[in-house]
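Chain by chain, the residues run as shown.
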Amino acid sequence: MKIKIIKLILKYVLGVFFALAGLNHFINPVFYLKIMPPYLPWHAFLVYLSGFFEVVFGILVLLPEYTRIGAWGIIAVLIAVTPANLHMAQHPQFYADIPPWALWLRLPLQLVLIAWAYWYTDKHAS
């Protein structure tokens, strides 16, 4: 019984975290524009698009009938933003305000977030 309560609490933490992170793309787009790899096109569009989907999937994961869709969406977004996180780690000179170790830490953290979201992908996740 306790694991169900913990899983429910963590689902709300995940959903709210992603919804707020997505909103931040609209509040502070300059930060996200700075981390866009130069080889990707349409930087502003991609920043707003990823923010939009983070908000949408963060909300969906909170709704029992849409939890699975939201969780799979969060996983997709995390995979999609990996090039930006990799770019940051490979070019720490562009992010002097962030310690290089923290830039590299973001990559395994992506895996933790993917595993966390994956916890809600089974049909009994809600």
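Our subject is the structure listed above.
Residue numbers restart at each chain and count upward from 1, following the sequence in its written direction. Local features in this predicted model are restricted to residues of pLDDT 70 or higher, and side-chain atom pairs are both shown and tallied only at a pLDDT of 80 or more, whereas totals for entire chains, interfaces and linings draw on every residue. Computation of side-chain values covers all heavy atoms of the structure but excludes hydrogens and water.

(A) Quick look at the layout of surface pockets. The computed volume of the largest pocket comes to approximately 700 Å³. Around the largest pocket, the lining comprises 28 residues; the ones closest to its centre are H25, E54, V77, V81 and N85. For the lining of the largest pocket, the elements supplying multiple residues, two or more each, are α1 (2-27), α2 (29-34), α3 (43-60), α4 (67-80), α5 (82-90) and α6 (100-118). The numbering of helices and of strands both runs from the N terminus, where a helix is a DSSP run of H or I of at least 4 residues and a strand a run of E of at least 2. Per-element accounting of the lining of the largest pocket gives the leading share, 6 residues, to α3. When residue character is reported, Ala, Val, Leu, Ile, Met, Phe, Trp, Tyr, Cys and Pro are called nonpolar, Asp, Glu, Lys and Arg charged, and the others, Gly included, polar. For the lining of the largest pocket, the class distribution of residues is 22 nonpolar, 4 polar and 2 charged. Cavities and pockets are found on a 1 Å grid laid over the protein atoms alone: a cavity is a set of points where a 1.4 Å probe fits but cannot escape, a pocket is an open set with protein on both sides within 12 Å along at least five of seven lines, and a lining residue has an atom within 4 Å of such a point. Grid points are joined across faces, edges and corners, and a volume is the space filled by probe spheres set on the points.

(B) Structural context of a nonpolar patch on the surface. There is a patch of nonpolar side chains on the surface, built from F26, W42, F45, Y48, L49, F52 and F53 and spanning about 740 Å² of accessible area. Of the residues forming the nonpolar patch, the biggest block, 5 residues, is contributed by α3. Looking at the secondary structure, you find F45 in helix α3. A patch consists of residues exposed above 30% relative accessible area that lack any salt bridge, with like charges linked at up to 9 Å and nonpolar side chains (Val, Leu, Ile, Met, Phe, Trp, Tyr) linked at up to 5 Å. Per-residue and other accessible areas follow the Shrake-Rupley method at a 1.4 Å probe size, with only the shown protein chains counted as cover for residues. Here, a salt bridge means any side-chain nitrogen of Lys or Arg that lies within 4 Å of a carboxyl oxygen of Asp or Glu.

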